[in-house]
Structure formats: C-alpha cells, structure tokens
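These are the residues of each chain, in order.
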Amino acid sequence: MSSALRARLKHVYWIGGGSGAGKSTIARRIAARHGLHVYATDDAMPDHAGRSTPEDAPQLSRFKAMDMDERWVTRSPEVMLDTFHWFRGEGFGLIVEDLLRLPAETGVIAEGFRLLPSLVEPLLAEPGQAVWLLPTPAFRRAAFDTRGTTWDIPRKTSDPGRARRNLLTRDELFTDRLAEETKRLGLPVVEVDTEMSEDELVECVSGRFGL
C-alpha cells in the first residue's frame with residue numbers, strides 16, 4: 001500500500017467491529033460533536049453489490065443465488081462465517097473508492113462491520129485513526145432485541161428459530177475473529193458490554209481518536 005494513499009486518507013477515522021456493537025450510533029454522535037462526515041458502509045452495500053461482478057466478488061455471486069434457507073438455515077454458522085462475502089473483504093476496494101471521492105477538507109468517520117482490520121491497517125497514517133468495537137454476546141442480543149430486528153431475517157426462512165441461532169452464533173464467531181486479528185496487528189479495540197453506557201462509549205472512542 002503506497003504512502004500516497006495513506007496520505008490521501010489521513011482525514012478518515014475508522015470504526016469497525018462486530019454486529020450490534022453500536023458503531024453507527026457512536027459514529028453519528030462523534031461526527032455531530034466535531035463537524036465530521038459519516039460514511040456508513042452498511043448503507044453502501046446495495047450499491048457495491050450492484051457494482052460487483054462474479055469475477056471480483058465470487059462469494060457474493062454465490063450468496064445471491066441461494067434461497068433464504070440455504071443462506072441461514074441449512075449451513076453451519078462456521079460455514080456461514082467463512083463464506084460470507086463482506087466478511088471475506090469483497091467490495092472493500094469500493095469503500096476506498098467512495099472515501100477518496102469525499103472532500104478531504106472535512107474529516108470523515110467510516111463505520112461498519114466491513115472494515116476488516118487486515119484491510120484497514122495498511123491504510124492508516126496513524127494507528128489512532130481506527131478502533132474496533134467488540135460486543136459481548138449479551139450486549140449483542142440486547143441491542144438486537146431493543147432494535148426489534150432480531151427476527152427480521154429469520155422470519156423469512158422455514159425455521160426462524162434455527163436461523164436466529166445460526167445468525168447469532170455466526171456473529172459471535174465473527175467478533176472472535178476480529179479480536180484475534182486486531183490483537184495480531186496491534187490495533188486498538190473496545191469491548192462493549194451491557195454495563196457500558198452509550199455516553200461512556202462515545203467518550204472512549206473519542207479518546208482513542210484524540211478528539
């Protein structure tokens with residue numbers, strides 16, 4: 001990764017992490033406080049899926065061809081983890097393209113689970129530009145229940161209970177993988193549990209960024 005690209009992205013702060021960790025909320029609050037722009041990678045997923053081809057995103061292509069039971073019921077959480085396109089980094093180059101098109105004069109907070117540590121680390125001008133939020137299983141379940149989204153995907157399958165269990169286990173495995181990867185790369189993390197308030201998390205992440 002060229003130093004020129006790192007320099008072009010030096011105004012970007014990165015918040016990655018597991019599903020249900022509160023990345024979007026924390027990013028919006030910090031951005032509002034400091035006059036930053038938020039780039040939500042979740043919002044860009046439909047556009048990125050449309051811009052991808054089977055050649056550059058083979059796992060996405062296979063996922064699109066599956067029915068809901070194939071995606072969430074009949075496969076194990078381990079297979080779901082290993083084959084999920086965004087967890088494999090497919091489309092990450094499109095995230096970088098989007099960020100490079102944003103005005104560099106305004107700081108940007110990029111947030112989302114697609115910001116994998118191994119892909120973000122080469123782009124960092126300073127280690128303090130990024131942090132990964134790692135939710136405990138209890139926090140993740142509470143967050144999804146509060147949002148009312150726990151059953152959004154499972155109810156579209158023939159076995160909602162199994163689909164929900166598979167999804168929660170897959171997301172827990174993904175968080176474990178993030179923990180291992182951030183440790184290996186020496187990148188900062190914040191463990192998010194049910195005892196941490198939203199205000200405390202905002203202050204913690206802001207402090208990591210030096211804001």
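For clarity, every value in this text was computed on a predicted model and none was experimentally measured. (Residues numbered from 1 in each chain as written. Predicted model: local features only at pLDDT ≥ 70, side-chain atom pairs only at ≥ 80, totals over all residues. Heavy atoms only, no water.)

### Structural notes on the nonpolar core
Then, in step 1: Of all hydrophobic cores here, the largest spans 34 residues; its most connected members are Leu9, Trp14, Phe92, Leu99 and Val120.
Then, in step 2: Mapped onto this core, the elements with two or more residues apiece are β1 (12-17), α6 (77-83), α7 (92-101), β3 (108-111), β4 (130-135) and α10 (160-185).
Then, in step 3: Leu36, Val131, Leu133 and Val202 belong to the second-largest nonpolar core, a separate cluster that totals 18 residues. (Core = buried A, V, L, I, M, F, W, Y, C linked by side-chain atoms within 4.5 Å. Buried < 20%, exposed > 50% of the residue type's maximum accessible area, 1.4 Å probe, protein only. Helix = DSSP H or I, 4+ residues; strand = E, 2+ residues; numbered from the N terminus.)

### A look at the packing of helix α2 (residues 23-34) against helix α11 (residues 198-209)
Then, in step 1: One way to put it is that α2 packs onto α11 with a least axis distance of 10 Å and a crossing angle of 65°. It follows from the interaxial angle that α2 and α11 lie roughly perpendicular. Note that α2 runs across α11; the crossing there is right-handed. Contact residues: α2 offers Thr25, Ile26, Arg29, Ile30 and Arg33, while α11 offers Glu198, Asp199, Leu201, Val202, Glu203, Val205 and Ser206.
Then, in step 2: Of the residues in the contact of α2 with α11, the class split is 5 nonpolar, 2 polar and 5 charged. (Axes fitted to C-alpha atoms, helices over the stretch in contact; angles between N-to-C directions. Parallel < 35°, antiparallel > 145°, perpendicular 65-115°, else oblique. Left-handed = near helix turned anticlockwise from the far one by under 90°. Contact = heavy atoms within 4.5 Å. Nonpolar A, V, L, I, M, F, W, Y, C, P; charged D, E, K, R; others polar.)

### So, the pairing of β1
Then, in step 1: The buried count for β1 comes to 6 of 6 residues, which makes it a mostly enclosed element.
Then, in step 2: The two faces of β1 match: Val12, Trp14 and Gly16 on one face and Tyr13, Ile15 and Gly17 on the other face are all buried.
Then, in step 3: Sheet analysis places β1 next to β3, joined by 4 bridges and oriented parallel. Looking at the pairing, Val12 lines up with Val108 of β3. (Pairing = 2+ DSSP bridges.)

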